[in-house]
Amino acid sequence: MSESSFQDDVLGELGPGGLTEIAGLLGTDAAGARETVATTVGAMTGDLQQKADSDDDDGHEVRQAFAEVAEPPLQGVATLGGGLLGGGLMAGVLAKVSKPVAAALSKKTGIPPATVSRVIELLIPVLLTVFAKRAAAGKGAAAGAPAPGSAAGSAPAESGGLADLLGQILGGGKK
């Protein structure tokens, strides 16, 4: 259910105009576009969670990207970016994840890899926005208590509450 909630946040942020654009790319209707977006978001967040749980360089990079997204935005004029100014590292991580996800989804759905890649390109700024909003909303919960549904020792402890933060941003309670 929480993963669905994340997908709902992405769909809400994408809006009807974004869904129409994706439907046009896919040659389908809004329902087909919603299904493709939900599948793509699920695959991308699953891949991010898997990478974040690993102890290699990719895992470190993903954890660092989530920590960067969780940083409060700069004050003053910089706040006009809506929190996306901190998305530089995360945008790179999402771009890296997008290639294998596009290949896997293409194989699963029969949609050409170039089309899936274009859909992912449209989703990356939306994902960055949702990550930033969830991180900002999770700050209050993370300050005083563990995230609901997060199990103790569910992920390697990195900078205290990073496992909780990942759970809040990606939907929580997965491991």
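Residues numbered from 1 in each chain as written. Predicted model: local features only at pLDDT ≥ 70, side-chain atom pairs only at ≥ 80, totals over all residues. Heavy atoms only, no water.

*Asks:* Go over the pattern of salt bridges, please, and point to the residues and values.
*Replies:* Inspection of the entire model under this criterion finds five salt bridges. The shortest N-O distance in the salt bridge between Lys133 and Glu13 comes to 2.8 Å. Taken together, the residues Lys133 in helix H5 (residues 113-144) and Glu13 in helix H1 (residues 2-26) connect sequence positions 120 residues apart. Using a relative accessible area of 34% as the deciding quantity, one classes Glu13 as partly exposed. Two residues, Glu121 and Arg118, come together in a salt bridge whose shortest N-O distance is 3.2 Å. You can see Glu121 and its partner Arg118 sitting in helix H5, three residues apart, about one turn around the helix. Note on Arg118: relative accessible area 33%, which makes it partly exposed. (Salt bridge = Lys/Arg side-chain N within 4 Å of Asp/Glu carboxyl O. Helix = DSSP H or I, 4+ residues; strand = E, 2+ residues; numbered from the N terminus. Buried < 20%, exposed > 50% of the residue type's maximum accessible area, 1.4 Å probe, protein only.)

*Asks:* I'd like a description of the nonpolar core, backed by residues and values.
*Replies:* Ranked by size, the top nonpolar core spans 40 residues in total, and within it Val10, Ile22, Val37, Met90, Leu94 and Phe131 carry the most contacts. At the level of secondary structure, the elements contributing two or more residues to this core comprise H1, helix H2 (30-53), helix H3 (57-70), helix H4 (88-109) and H5. In terms of residue count, the dominant contributor to this core is H5 (13 residues). Apart from residues lying up to four places away in sequence, Ile22 is in contact with Leu14, Ala33, Val37, Val119, Leu122 and Leu123. (Core = buried A, V, L, I, M, F, W, Y, C linked by side-chain atoms within 4.5 Å. Contact = heavy atoms within 4.5 Å.)

*Asks:* Can you tell me about the packing of H2 against H4, naming the residues and giving the values?
*Replies:* Where H2 contacts H4, the two axes come as close as 9 Å, and the packing angle between them is 125°. It follows from the interaxial angle that H2 and H4 lie oblique. H4 is crossed by H2, and the crossing has right-handed handedness. Facing H2, whose interface residues are Thr39, Thr40, Ala43, Met44, Asp47, Leu48 and Lys51, H4 presents Val93, Leu94, Val97, Val101, Leu105 and Lys108. (Axes fitted to C-alpha atoms, helices over the stretch in contact; angles between N-to-C directions. Parallel < 35°, antiparallel > 145°, perpendicular 65-115°, else oblique. Left-handed = near helix turned anticlockwise from the far one by under 90°.)

*Asks:* Lay out the side chain of Asp47 with the relevant residues and their values.
*Replies:* Turning to its location among the elements, Asp47 is positioned in helix H2. Buried charge Asp47 goes without a salt bridge, the closest partner of opposite sign being Lys51 at 4.4 Å. Beyond its immediate chain neighbours, meaning those up to four positions away, Asp47 contacts Val97 and Val101. (Lys, Arg positive; Asp, Glu negative; His and termini not counted.)

*Asks:* Could you give me a rundown of the environment of Pro16, with the residues and numbers involved?
*Replies:* Along the polypeptide, Pro16 turns up in helix H1. Taking the relative accessible area as the measure of exposure, Pro16 reaches 66% and is therefore exposed. Sequence spacing of Pro16 and Ala30 is 14 residues, and the spatial spacing of their C-alpha atoms is 8.4 Å.

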